[in-house]
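# Examination of the molecular architecture
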Amino acid sequence: MRNVAVVGIGETAFGEHWEKSLRALAVEAGIAAIRDANIEGADIEAMYIGNMSAGKFIGQEHLAALAVDQAGLVGIPSSRLEAACASGSLAFRQACLAVASGEYDIVIAAGAEKMTDLQTEDVTTTLMGAGDQEWEGWLGMTFPGLYALMARRHMYEYNTTREQMALFSVNGHKNAALNPKAQFPFEITVEDVLNSPLVADPLRLLDCSPVSDGAAAVIIASEDVAKRFENPIWLIGSGQATDNLALHDRKSLTSLRATKIAAKRAYEQAGIAPEKIDVAEVHDCFSINGLVALEDLGFCERGKSGKFVEDGNIERGAAVSINTSGGLKAKGHPVGATGISQIIEIVKQLRGECGKRQVPAEFGLTHNVGGTGATVVVNIFGKELKER
Amino acid sequence: MVHRSSVPMHWRLYESRYNLVGNKCLVCGEFFYPSKIVCPNCRRRGILKRVVFSGKGKIYSYTIIRNAPRGFEKYAPYVVAIIELDEGPRVMGWIVDSKISDIKIGQRVSVVFRKIYEDGKEGLIHYGFKFRVIDENNQLRD
């Protein structure tokens, strides 16, 4: 397989874009990526687009054709990938595999979601499609509810505290305050989290990522082509794994097996240990999932994530800078776009383009979760191409 | 707007949901609820047999849903838990008819037959299992 690099990035701001349609958001992100790479649309040989549920959010299927059509790229092959909130990362991985295989030299991988056209109750119902509809969704379960079951169990098994979970959201907001693309660019306190309304005990509103609109796109090139670009960021490791769809079928509620499998594969491919990761975007759809990710990705010991966060290890420039973009909580979570957006933040960190939220970084990681962990993708990026 | 169920969908599942019918693999001995189509351990070599579960178990984790999805708004807040059945598998269900102070991890519970939700004014009324707290001797708490 050939090496691949990200040579262009572009995204919309995340937020409640009542004035913009899904197609407008996708095209905006795509054009930004093409402009950043300094290529022509005609250079793009194929498109991969991640989207969770346009069919339910806006009644639109066949996103792959819609996206090339609206972008003026009709003719090229285009595919839509779906794995709930990990859809963007699936699109990225398929795009990378297609380039690595030798089939294409330059492709675009995008992710887009338009969520705010629905009322909150319907968004909650639609998102529950990422779980097991016959045995979780049918009885009125929700995604905050599923993660609340994990949080309760983590508190029970490891004495993780409410304050420790809150600190994960606080860290995200602190970083989002420096990110002009973030939905919530302001700081919050632990008290704010603990005083926010209960959504699904023990999770409160400020433990939860928001309902968002947004799109993100990256241009991926093969090694020979990428070397002609100014600042290619190399994909040096990538893993994707699955687990039982329904939460109650899992052996553990306090660890995502799919994260562990995907991370092991990515670390092995990259030939580096977790300690070498300087900056990571982890999937904090709910604060508890941020904590669990720190353990499953090997940044801290099992059951010790609360203490790890409390000791300041995830702040900018600390042991590992976590969610410098703001994360899903504060940057926003347009589900299909999130995986690509995480990759964009890591590419910007490795390029040194993050301005006030820039951290010293040689290696960066993305961690994108579908559902309650039934699909997980982990990618590792480096500034230099590692000889294999 | 959002599709949740249809008559055949409900009909396919009613025995399982009304009577807590799952299955067991005679080769590896593991119990499954809901029923597996293929034993995940033995796959094609597994032999699956219908099993009616006792409906007794204990709370593995629980939450209180306060922001309900469409169709459940009028029931909120309600308690949803993962129950570890005595036979082994874990299932998801509501906890009802119990004092909130009795709901904790490890607490014994027993299954009850209840309405789950209504598909609007003219749609189906869906029934299934929920759970309630019992004591160590499997007796209901007053």
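Residues numbered from 1 in each chain as written. Chains lettered and ligands numbered in written order. Predicted model: local features only at pLDDT ≥ 70, side-chain atom pairs only at ≥ 80, totals over all residues. Heavy atoms only, no water.

### Quick notes on the domain arrangement of chain B
Residue and element names in this part refer to chain B. According to the domain assignment, chain B contains domain 1 (1-52) and domain 2 (54-142). Placing the centre of domain 1 and that of domain 2 at their C-alpha centroids yields a distance of 20 Å. On the domain 2 side, the residues contacting the twelve residues of domain 1 number 20 residues. Summing the contributions of domain 1 and of domain 2, the shared interface buries around 1300 Å²; its carbon and sulfur component is 64%. On the surface where domain 1 and domain 2 come into contact, there are one residue pair in polar contact (both at pLDDT 80 or more). (Domains from an automatic or database assignment. Contact = heavy atoms within 4.5 Å. Buried area = accessible area lost by both parts, 1.4 Å probe. Polar contact = N/O pair within 3.5 Å; in protein donor to acceptor, adjacent residues only side chain to side chain.)

### Side note on the side chain of A:S341
All names here are of chain A. The residue S341 is located in helix 14 (residues 335-351) in this model. Of the residues examined, S341 reaches a relative accessible area of 5% and is grouped as buried. Here the side chain of S341 touches E11 through a polar contact of 3.4 Å, side chain to side chain. There is a polar contact of 2.5 Å between the side chain of S341 and the side chain of K331. Here S341 is in contact with E11, F14, A216 and K331, once residues within four sequence places are set aside. (Helix = DSSP H or I, 4+ residues; strand = E, 2+ residues; numbered from the N terminus. Buried < 20%, exposed > 50% of the residue type's maximum accessible area, 1.4 Å probe, protein only.)

### Thoughts on the layout of surface pockets
Residue and element names in this part refer to chain A. In this structure, the largest pocket spans a volume of roughly 760 Å³. Of all elements in the fold, only helix 5 (120-127) and helix 6 (143-158) reach the threshold of two or more residues within the lining of the largest pocket. In terms of residues, the lining of the largest pocket owes the most to one element, helix 5, which gives four residues. Among the residues making up the lining of the largest pocket, the classes are represented as 22 nonpolar, twelve polar and two charged. Three or more residues apiece are contributed to the lining of the largest pocket by two domains, here domain 1 (4-119 + 211-226) and domain 2 (135-210 + 237-382). Considering only enclosed or pocket space, the second largest pocket measures out at about 410 Å³ in volume. (1 Å grid on protein atoms, 1.4 Å probe; cavity = no way out; pocket = protein on both sides within 12 Å on 5 of 7 lines; lining within 4 Å. Points joined across faces, edges and corners; volume = space filled by probe spheres on them. Nonpolar A, V, L, I, M, F, W, Y, C, P; charged D, E, K, R; others polar.)

### Brief notes about the interface of chain B and chain A
Residue-level contacts link 39 residues of chain B with 36 residues of chain A. Both sides together, the interface formed by chain B and chain A hides about 3400 Å², and carbon and sulfur atoms give 61% of it. In this structure, the connection of chain B to chain A is made through four salt bridges. The partner of B:R70 in a salt bridge is A:E121, and the shortest N-O contact between them spans 4.0 Å. Taken together, the connections running from chain B to chain A amount to 17 residue pairs in polar contact (both at pLDDT 80 or more). Mapped onto the side of chain B that touches chain A, the elements with two or more residues apiece are helix 1 (7-19), strand 4 (56-65), strand 5 (78-85), strand 6 (90-95), strand 7 (108-118) and strand 8 (125-133) of chain B. (Salt bridge = Lys/Arg side-chain N within 4 Å of Asp/Glu carboxyl O.)

### A look at the domain arrangement of chain A
Residue and element names in this part refer to chain A. By domain assignment, chain A separates into domain 1 (4-119 + 211-226) and domain 2 (135-210 + 237-382). Its C-alpha centre places domain 1 at a distance of 23 Å from the equivalent point of domain 2. On the domain 2 side, the residues contacting the 40 residues of domain 1 number 32 residues. If you sort the residues of domain 1 by the area they bury against domain 2, E11, F14 and C85 come out on top, with a joint share of 27%. Our count for the contact surface shared by domain 1 and domain 2 stands at two salt bridges. The partner of R351 in a salt bridge is D36, and the shortest N-O contact between them spans 2.8 Å. Seen at the junction of domain 1 and domain 2, the total is 14 residue pairs in polar contact (both at pLDDT 80 or more).

### Examining a negative patch on the surface
Residues and elements named next belong to chain A. A contiguous patch of negative charge on the surface is contributed by E40, D43, E45 and E103. In this fold, E45 is placed in the loop between helix 1 (22-37) and strand 2 (46-50). According to the relative accessible area criterion, E45 is partly exposed, its value standing at 30%. (Patch = residues over 30% accessible without salt bridge, like charges linked within 9 Å, V, L, I, M, F, W, Y side chains within 5 Å. Areas by Shrake-Rupley, 256 points an atom, 1.4 Å probe, with all protein chains shown as cover. Lys, Arg positive; Asp, Glu negative; His and termini not counted. Charge placed at Lys NZ, Arg CZ, Asp CG, Glu CD.)

### A short note on helix 1 of chain A
Residues and elements named next belong to chain A. Between the first and last C-alpha of helix 1 there are 23 Å, a value that for 16 residues agrees with the 22 Å anticipated at 1.5 Å per step. Residues of helix 1 that are buried include every one of L22, L25, A29, G30, A33, I34 and A37, and no others. What you see down the axis of helix 1 is that its buried residues fit within an arc of 165 degrees, all on one side. Packing partners of the buried residues in helix 1 comprise strand 1 (4-11), helix 2 (54-57), helix 3 (63-71), strand 4 (106-114) and strand 7 (213-222). Of the residues one or two after helix 1, N38 is the one with positive phi, at around 60 degrees. (Expected span 1.5 Å × (residues − 1). Arc of directions from axis to C-beta.)

### Things to note about the packing of aromatic side chains
Residues and elements named next belong to chain B. Applying the stated rule across the entire model yields 18 aromatic pairs over all chains. Look at F72 and Y117: their rings are 5.1 Å apart centre to centre, the planes differ by 45 degrees, and that puts the pair in the tilted class. One end of the pair, F72, is in the loop between strand 4 and strand 5; the other, Y117, is in strand 7, and 45 residues separate them in sequence. Since its relative accessible area comes to 0%, F72 is described here as buried. (Phe/Tyr/Trp six-rings, centres within 6.5 Å; stacked < 30°, edge-to-face > 60°.)

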